[in-house]
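# Residue-level structure breakdown
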Amino acid sequence: MTVKSGTIKLGCRGVWKLFGDHAERLLATAGGAPDDEALRQAGVIGAVRDVSLEVHEGEIFIIMGLSGSGKSTLVRCLSRLIEPTAGEVLFEGQDLLQANERELMDIRRHKMGMVFQHFALLPHLSVLGNVAFPLEIQGVDRTTREARANEMIELVGLKGREDYYPRELSGGQQQRVGIARSLAVGPDIWFLDEPFSALDPLIRREMQDEFLRLQSVLKKTIVFITHDFDEVIRLADRIAIMQDGAIIQTGTPEEVVTRPATSYVAEFTRDVPRAKVVSAGVLARPGQAGSVRVPASARVGDVAARVFDEEQPIGVDGADGTPLGVLHRQDVLDILLGREPRQ
Amino acid sequence: MTEVTLEVARPRRRSLGSVPFWLAAAILAGLAYRFSDYLPEWAVEYPRSWRLPIEPWISDAMKWLINDATFGLFTFQEFTRSIAWLFGWLLEAAYGLLAEGFTFGKGEEAFHIPHVSWLALIIVLVMLARRVSGRRLALFIAACFVYLAVFGQWSSAMITLASIVISVPFGVLAGLLVGIAAYRNAWVERAIRPVLDLMQTVPVFAYLVPILFLFGFGPVAAMIATMIYAAPPMVRLTVLALRGVPEEIKEYGRMAGCSQRQHMWKVMVPAAKSGLLVGLNQVVMLSLNMVIIASMIGAGGLGFDVLHALRRLAIGEGLEAGIAITLLAIALDRLSQAAANKPPKAHGSVRGATWLARNRLVVIAGVLLAGSIVAGALVPAVATYPESWTLTTGKFWDRVVEWLNINLFDTITIVKTWLLVNIMLPIKGFMVGLPWPVLLGVLAFAGWRLGGWRLALLPLALGAFVLLTGNWEKAMITVYLCGLSVVIAAMTGIPLGIWATGSSRRTGATLAVIDTLQTLPSFVYLIPVIMLFSVGDFSAMIAVVAFALAPAVRYTIHGLNQVPEHLVEAGRAQGCSRRQILWKIRMPLALPEIMLGINQTIMMALSMLVITALVGTRDLGQEVFTALAKADTGQGIVAGLCVAFIAITADRLIQSWSRQRKAQLGVA
Ligand SMILES: Nc1ncnc2c1ncn2[C@@H]1O[C@H](COP(=O)(O)OP(=O)(O)OP(=O)(O)O)[C@@H](O)[C@H]1O
Ligand SMILES: [Mg+2]
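Note that the coordinates shown come from a computational prediction; the quantities given were computed from them, not determined experimentally.

Rules used in this analysis
Residues numbered from 1 in each chain as written. Chains lettered and ligands numbered in written order. Predicted model: local features only at pLDDT ≥ 70, side-chain atom pairs only at ≥ 80, totals over all residues. Heavy atoms only, no water. Phe/Tyr/Trp six-rings, centres within 6.5 Å; stacked < 30°, edge-to-face > 60°. Lys NZ or Arg CZ within 6 Å of the ring centre and 35° of its normal. Domains from an automatic or database assignment. Contact = heavy atoms within 4.5 Å. Buried area = accessible area lost by both parts, 1.4 Å probe. Salt bridge = Lys/Arg side-chain N within 4 Å of Asp/Glu carboxyl O. Helix = DSSP H or I, 4+ residues; strand = E, 2+ residues; numbered from the N terminus. Nonpolar A, V, L, I, M, F, W, Y, C, P; charged D, E, K, R; others polar. Patch = residues over 30% accessible without salt bridge, like charges linked within 9 Å, V, L, I, M, F, W, Y side chains within 5 Å. Areas by Shrake-Rupley, 256 points an atom, 1.4 Å probe, with all protein chains shown as cover. Lys, Arg positive; Asp, Glu negative; His and termini not counted. Charge placed at Lys NZ, Arg CZ, Asp CG, Glu CD. Pairing = 2+ DSSP bridges. Axes fitted to C-alpha atoms, helices over the stretch in contact; angles between N-to-C directions. Parallel < 35°, antiparallel > 145°, perpendicular 65-115°, else oblique. Buried < 20%, exposed > 50% of the residue type's maximum accessible area, 1.4 Å probe, protein only. Polar contact = N/O pair within 3.5 Å; in protein donor to acceptor, adjacent residues only side chain to side chain.

## What to know about the packing of aromatic side chains
- Tallying each qualifying case throughout the model produces 15 aromatic pairs over all chains.
- Each member of the aromatic cluster is reached from another via a ring pair, and the members are Trp-190, Phe-196, Phe-211 and Phe-224 of chain A.
- Across the ring face of Tyr-164 of chain A, the terminal group of Arg-161 of chain A is positioned such that the distance to the ring centre comes to 5.2 Å.
- The ring of Tyr-252 of chain B has Arg-181 of chain A sitting right over it, with the charged end atom 3.4 Å from the ring centre.

The following block contains the structure:
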């Protein structure tokens, strides 16, 4: 997957979020960029530090990092659920931080959706009530909103459970409700804060597939948080890696794994199976291919079997169909064994 | 393993530091008392000329409020009168519906609509109980209300119920709105917290006086007092419940684009529902607690019956009405608790799309009640349980009392006199004769050790108020009665708690008994006590001990049960005997929690003491009581504040001790 150069849907520049007393003053005195030492002395937590990023229309942008690295805080700054200490957040070109109460409410009602780690379903409403809730808030009449809610419930595969209450559902089902609810208003941007972390591995996988299926239909712009690299590999177009509140690298999963910006990122991605991220295009060398051809974006892990099974070398085609070269067995083996690829 | 025991042992040794302190304080106090003749006069008895006339100031302020105060558009008096009018009107309607029926016109043409039938009401309540809980509760409710009918308590009970039915919704709503305001604005919370603290520690009688003054004698004043008494826990529980809503749900509400109002009423309040229902239950219980007390300023019904009987020493009658209040209290408690704990709706429970189908039970109940009114007009026995079917055990109880007086009087008198002469009076003499600077000094020093200079200033400032208003001696009598009762309650309650933790069966049984005891209105405790011991300090003490025992037991059980299991296992692994485990591991670790129980015991003892003024004590309670009789606002408020200040001093000292100790033990 290559970087999509679509329009920028959501971006932020120089966003800071400091927790503690007199955070603004500290930021001002330190010239807008206090270092670790200054923060520690002031007893202030630097949850988000000088973050700038851009999310393109229709891409799945994943923010990942260890627990406490500031992912949730960053996403809450992007949706302005919490007020950043400094910086600007641009949503469709408009500075979100300048929006007044009324405008913000409108944006949230019509353009943003959010899915929460612990589902955050309203316990007193049925599935139908929960999914229809955001529409009810907007004052949509009952029949319209329930029709729309039923549509969403069917979309996430919960048909037949409309009048169940959240506590009567399994974790996976509850999160389906959370997803249906956040989609009911047809948001332009979709925030998901570790939506599958509270689920056990089998259900998580199933939900990831479900999520990809939905995205293939809906094509939303998505900001997704996780601390699980498997999830990144399966879902991400681009990722940003956070450490102690700062973003230390942004890129495709392949870039991050194969060209880590810092030793922290290298360490972080050490156990990621290379075969699952490196694409065939990277390994293509000049040569004469047989009849079997694979696209450049195919993952090495997915084509490896054929490389060894076929008599003839396998060819690699670019996105536009031009041949890029062939795959060498030695290169594929290196990737499979986790060795550094030879140049 | 050794590390674990060290962890327990170390703080034990460190806290020994406080033993010499308390020893020294006791010796100092003893010496000061023994040699008080050598101290200057003013240190032993606070001089009259140093007092401030705070009581008349307050009384004058109240008079100004009634006579001259105005809000511009309307005067203060018009304000109170319109409140009184509103509640009076509602109360009349409820009385009419439940107890008296409605009469239109006069004389010959008078047209009377009877009240709701006793039978229909029982059926509806049983249906409700079945709905919120199940068959057991339904049976229990039926039994309670049949008792009311059979023992001739029905019409009084309905008057009481009518005032509860009106006051509870207002109390809940007021508490909810104030709680929401406090949740939203930090400054409201800061402003309201000390007020709530004070309201929970000032004895109820004390604010009966100003209410009496503002609203006059009668059921409306009684109902307003009940609401003021019952609403504070609702405020607290509302704030707690709203705070307890998971952060994600709050965030979701905002993400969905809720306006402020939508966020509160569509997200927060429903999500906090179970906590809010606990508040409702508290309001119901406290309102019922007030039933007898409220009858002192004009509430009718069961409370009036009990009070009237107690004043005439008609034990049998008092007992029957007291049991009626208790049953009503327990019935409403169980009903509201069941409603609070009812599992949320399950799918399919709201089947049927029509309004009629969804609210079938409500419709049936409405039809039944309305029908019973019509039937009652035709057949009087349907409306009112016939007099000739009632039973009474009054005679029987009077005979029991007579028998007790004849056969046990001498024995009881001997025990009572011995205790009075050898224990109670000397302690009383000591407390009253103890020079006030010494006591204040010891308290301030204790405060300083436990919480720094702020906590040292607190007893000084509160003590100064007691001195300045000239209530020191009465306050000391209160402290003596309260202290002695608390010691006895602790000596009974803690062993009982230890016994109860022996097995989970015992724990369950003990907690069930305690829960029931705590639903009894405080006045009810006086009945058997008067029956056995007639009036005086001794009776007061017994009633206070009985009333205040519950928290000592409850907190002991809780404290012992929350000791981390691994510490107990470590002890067992080292070969401690059961007794050693109890005394060397469990008790030291549970002590901070037990002390919180003692704290509660003190608070309850103080509130009960005021009520025992009815049996002739000479303490602050009596002061409040006479203020009520004379409608002397100043005296009532001042004496009430003095009681509250004793409570606050004890509370703050014990709380900070417990906090410190828990931190030391790492069981916070
Ligand atoms: N309201 C707050 N007040 C003070 N500190 C906070 C607050 N919220 C978050 N923090 C701190 O900010 C840092 C970042 O927290 P955040 O919740 O954004 O991390 P996260 O990356 O989402 O972690 P996780 O994977 O555990 O969800 C943490 O050190 C946290 O303790
Ligand atoms: Mg998080």
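## What to know about the domain arrangement of chain A
Residues and elements named next belong to chain A.
- Taken domain by domain, chain A consists of domain 1 (55–72 + 99–273) and domain 2 (276–337).
- Contact with domain 1, which involves seven residues of that partner, is made by six residues of domain 2.
- Between domain 1 and domain 2, roughly 560 Å² of surface is buried when both sides are summed, and carbon and sulfur atoms account for 63% of that area.
- Among the residues domain 1 hides against domain 2, the three largest losses belong to Ile-233, Glu-254 and Pro-273. Together they make up 76% of the total.
- The tally of links between domain 1 and domain 2 comes to zero salt bridges.
- Of all the elements, helix H10 (residues 253–258) adds the most residues to the side of domain 1 that touches domain 2, at four residues.
- Within the side of domain 1 that touches domain 2, the residues separate by chemical class into five nonpolar, one polar and one charged.

## So, a positive patch on the surface
- Where like charges cluster on the molecular surface, the positive patch consists of Arg-131, Lys-273, Lys-342 and Arg-360 of chain B.
- Assignment of secondary structure puts Arg-131 of chain B in helix H6 (residues 118–132).

## Considering the sheet that holds strand E13 (residues 323–327) of chain A
Residue and element names in this part refer to chain A.
- Taken together, the three strands give an open sheet; going across it, the order is E11-E12-E13, and neighbouring strands pair in mixed fashion. Each having just a single partner strand, strand E11 (293–295) and E13 make up the two edges of the open sheet. With strand direction ignored, the average angle separating the axes of adjacent strands in the sheet is 35 degrees.
- Sheet topology places strand E12 (residues 314–317) next to E13; four bridges connect them, and they run antiparallel.

## Points about the packing of helix H8 (residues 154–184) of chain B against helix H16 (residues 301–311) of chain B
All names here are of chain B.
- Interaxial distance between H8 and H16 falls to 6 Å at its minimum, and their mutual angle equals 120 degrees. Compared by their axis directions, H8 and H16 come out oblique. In this structure, H8 contributes Ser-156, Ala-157, Ile-159 and Thr-160 to the contact, and H16 contributes Gly-301, Leu-302, Gly-303 and Asp-305.
- Per-class residue counts for the contact of H8 with H16 are three nonpolar, four polar and one charged.

## What about unusual backbone geometry?
Residue and element names in this part refer to chain A.
- Phi angles above zero are rare outside glycine, and His-22 is one such case at about 55 degrees.
- Tracing the chain through its elements places His-22 in the loop between strand E1 (8–19) and helix H1 (23–29).
- Overall, the relative accessible area of 55% leaves His-22 in the exposed class.
- A positive phi angle, close to 75 degrees, is found at Phe-119, a residue other than glycine.
- Relative to the assigned elements, Phe-119 resides in the loop between strand E6 (112–115) and helix H5 (127–138).

## Quick word on the interface of chain A and chain B
- Contacts between the two partners involve 30 residues from chain A, matched on the other side by 20 residues from chain B.
- Surface buried jointly by chain A and chain B totals about 2400 Å² across both partners, of which 59% is contributed by carbon and sulfur atoms.
- At the boundary of chain A with chain B, the tally comes to two salt bridges.
- Between Glu-251 of chain B and Arg-76 of chain A there is a salt bridge; the shortest N-O distance is 2.6 Å.
- Summed over the shared surface of chain A and chain B, the number is eight residue pairs in polar contact (both at pLDDT 80 or more).
- Of the residues forming the side of chain A that touches chain B, the biggest block, five residues, is contributed by H5 of chain A.

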